[in-house]
Amino acid sequence: MITDEPAIWTQGLRKSYPGRGAALDGIDLAVPAGTVHGLLGPNGAGKTTTVRILATLASFDSGQAWVAGRNVARDRAGVRARIGIAGQYAAVDGVLSGRQNLEMFARLHRMRAREARARADELLERFDLVEAASRPVRGYSGGMRRRLDLAVSLIRSPRVLFLDEPTTGLDPRSRIEVWDAVRELADSGTTVLLTTQYLEEADRLCSRITMVDRGRVVAEGTPAELKSSVGGRDLDEAFLLITEGA
Amino acid sequence: MSTLTEPTVHGSRITWATVDTWVVAKRHLLHLVRRPDELLGTLMIPVMAVAMFGFVFGEAFGVAMDVPGSEYREFLLPGLFALTMAFGIGNTTISVAEDVRGGVLDRMRSLPMSPVAVLAGRALADVILAVVELSILLALGTLFGWQAHLGVGGVIAALGLLVLLRMAFSWVGILLGLLVSGPEAAMKYFALVFPLAMVADTIVPTDLMPGWLALPAAWNPLSSTVIATRELFGNTAVPATTWVGEHALTMAVLWPVAIIAICLPLAMARLRRLGR
């Protein structure tokens, strides 16, 4: 699935909020298709803003952004038809059941009712939610909720999937379940852009990592490259050294 | 690969907007099925109002209006139908504010769906809910001795005006839900519905109000709907003395249309700005 054209490409992405200064101060990204790419940084570094811009949920002031071959500023509909978004900000409905959520979002993805039902069945099976399918999501555990969230984001088999801190607040077992699901996706050719505060998560899942701090890219490379560039033993140390040096 | 990821586009934009609106409306209706207490809560207000205003204060209001209590209740019920439509604003505002906070609205914004359907689904659900509420209220009213005197045509026309009013208030609620900081704020401001619902020709005829209140009460969109429906039901009415009261039927159509024409584009603009 890896082609020459990056699945996500940005250059000089800038955005500022009135009164709060620059949230993004020139972000450059190039994510090859079919890879898992990590966006790593502390709170307020600009990770979520970057994802929201790429997912057409927020606007940007200047720079360029392309997702799945579509211009984010000019072809929002084209981008929306090719992406999935999961994580802390794009939620599922807590009152509806898992199945009702999947069927509703499948219908909003322009599937016919029967097609939507079949897709819901398939995803419930794949994410081990068959038993809980007709229960209200409110009663789900954190891990089940996150799996449903992931299932919803995969309804249209997106080319690019944005995962915004997909394991924040999860217990270790649920975290491993989500990791397995992400790896499976990458194996099937989906490009994944993942934001995280957990270095271990980035180390385990990502083929490349972009470290951001205060709206700027401070380092980019494979986990191994980032570790060796500072002579550190693990990513934690590398991250501290790099962000302090920036 | 591309056949799987490209959404198959069949039908026009309008067809899709309609389908999307229905899917979103169904979500809100499913909420009511799963949480029927919300519908009961909304119905509690007019039912209590019939008991309180109709029977506790009814005789006294009747004396003030120089009619028997039973005739006051006939005057009151169309007022309460419209009042119920106004109280619906609260639910709409809270529900939209919850969707902004909870992230469901963001999810919908990231989908290749019709943007207007994200909000119009709520309005459609409100309209369907209004039909259910009005049916229950009509049945209850009949139980209390209220009746329409001018036949089925009049009843249908009156219900149509009430539903139109609710649709307008639904768009007010949607706009407010997108503007407030969260569902808690929406609950705090709920008391503001009271003057809207009661400084109108709903419970007390406007000519029994002090002059400075009578004027805004007469121009309250609720008043036009209430006076028009009283006419269509053939219920007890107080002869109108103002221009707006004399043109109640026209105004009962114009007010809601004007409200929607203002609130819908503002809500859409606000939805687009949510992501800034």
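Basis of the calculations
Residues numbered from 1 in each chain as written. Chains lettered and ligands numbered in written order. Predicted model: local features only at pLDDT ≥ 70, side-chain atom pairs only at ≥ 80, totals over all residues. Heavy atoms only, no water. Helix = DSSP H or I, 4+ residues; strand = E, 2+ residues; numbered from the N terminus. Rg over C-alpha atoms; globule rule 2.2 N^0.38 Å. Contact = heavy atoms within 4.5 Å. Lys, Arg positive; Asp, Glu negative; His and termini not counted. Charge placed at Lys NZ, Arg CZ, Asp CG, Glu CD. Pairing = 2+ DSSP bridges. Axes fitted to C-alpha atoms, helices over the stretch in contact; angles between N-to-C directions. UniProt positions renumbered as here; feature names shortened; annotations may be inferred. Buried < 20%, exposed > 50% of the residue type's maximum accessible area, 1.4 Å probe, protein only. Buried area = accessible area lost by both parts, 1.4 Å probe. Salt bridge = Lys/Arg side-chain N within 4 Å of Asp/Glu carboxyl O. Core = buried A, V, L, I, M, F, W, Y, C linked by side-chain atoms within 4.5 Å. Patch = residues over 30% accessible without salt bridge, like charges linked within 9 Å, V, L, I, M, F, W, Y side chains within 5 Å. Areas by Shrake-Rupley, 256 points an atom, 1.4 Å probe, with all protein chains shown as cover.

Caption draft 1: Structural detail: the overall build of chain B. When you go through chain B residue by residue, the secondary structure sums to 14 helices and zero strands. Starting at the N terminus and walking to the C terminus, you meet the elements of chain B as α-α-α-α-α-α-α-α-α-α-α-α-α-α. Its C-alpha radius of gyration of 20 Å places chain B within 12% of the 19 Å reference for a compact globule of 276 residues. With respect to the three principal axes, the spread of C-alpha positions in chain B is 75 × 35 × 35 Å. In chain B, once contacts between residues fewer than 6 apart in sequence are set aside, the share between residues at least 24 apart is 83%. Taking the average place of the 17 positive charges on the side chains of chain B and the average place of its 18 negative ones, the gap between the two points comes to 16 Å.

Caption draft 2: Summary view of the sheet that holds strand β2 (residues 21-32) of chain A. Residue and element names in this part refer to chain A. Judged by pairing direction, the sheet is antiparallel, and its four strands sit side by side in the order β2-β1-β4-β5 without closing on themselves. The two strands at the open ends of the sheet, each matched to only one other strand, are β2 and β5 (70-71). Here two bridges tie strand β4 (residues 62-67) to β5, and the two strands are oriented antiparallel to one another. Along β5, the bridge assignment pairs Val 67 with Arg 70. Each of β1 (6-17), β2 and β4 touches helix α1 (residues 47-54); the most contacted strand, β2, lies at about 65 degrees to it.

Caption draft 3: The arrangement of the UniProt feature "domain: ABC transmembrane type-2" (unreviewed entry) in chain B in detail. Residues given the UniProt feature "domain: ABC transmembrane type-2" (unreviewed entry) here are residues 37-274 of chain B. In residues 37-274 of chain B, helix accounts for 80% and strand for 0%; the two terminal C-alpha atoms are 31 Å from one another.

Caption draft 4: Representation of the pairing of strand β7 (residues 160-164) of chain A. Residue and element names in this part refer to chain A. A large share of β7 lies buried, amounting to five of its five residues. Of the two faces of β7, the one lined by Val 160, Phe 162 and Asp 164 and the one lined by Leu 161 and Leu 163 are each fully buried. Pairing of strand β6 (residues 83-87) with β7 involves five bridges; the strand directions are parallel. Opposite Gly 84, over in β7, you have Leu 161 as the bridge partner. Two strands pair when backbone bridges link them, and β7 and strand β8 (residues 191-196) are joined in this way by five bridges, in the parallel orientation. Bridging across to β8, Asp 164 finds its partner in Thr 195.

Caption draft 5: Molecular detail of the interface of chain A and chain B. Listed by partner, the interface residues are 39 residues for chain A and 31 residues for chain B. With both sides pooled, the region where chain A packs onto chain B buries about 3400 Å², and carbon together with sulfur makes up 54% of that total. Among the residues of chain A in contact with chain B, Leu 57, Leu 108 and Arg 110 of chain A are the three that bury the most area, contributing 22% of the side total. Across the chain A-chain B interface, the total number found is four salt bridges.

Caption draft 6: A look at the UniProt feature "coiled-coil region" (unreviewed entry) in chain A. UniProt tags residues 106-133 of chain A as "coiled-coil region" (unreviewed entry). Across residues 106-133 of chain A one finds 61% helix and 0% strand; the C-alpha atoms that close the span lie 15 Å apart.

Caption draft 7: Representation of the nonpolar core within the structure. Residues Leu 102 and Leu 108 of chain A together with Phe 81, Met 108, Leu 119 and Trp 171 of chain B are the most contacted members of the largest nonpolar core, which totals 124 residues. Aside from chain neighbours lying at most four places away, what touches Met 108 of chain B is Met 104, Phe 105 and Leu 108 of chain A together with Val 24, Arg 27, Met 113 and Val 118 of chain B. In terms of nonpolar packing, the next biggest core, distinct from the first, is built from 28 residues, Ile 27, Ala 58, Phe 60 and Val 67 of chain A among them.

Caption draft 8: How the structure looks around a positive patch on the surface. Together, Arg 76 of chain A together with Arg 272, Arg 273 and Arg 276 of chain B line one region of the surface with positive charge. Within the secondary structure layout, Arg 76 of chain A lies in helix α2 (residues 76-80).

Caption draft 9: Local environment of the UniProt feature "transmembrane region" (unreviewed entry) in chain B. All names here are of chain B. Look at the UniProt record and you will see "transmembrane region" (unreviewed entry) annotated at residues 39-63, 75-97, 118-146, 152-180, 192-215 and 248-269. Note that residues 75-97 is 100% helix and 0% strand, and that its end C-alpha atoms are spaced 36 Å apart. Span residues 192-215 is 46% helix and 0% strand, its end C-alpha atoms 19 Å apart.

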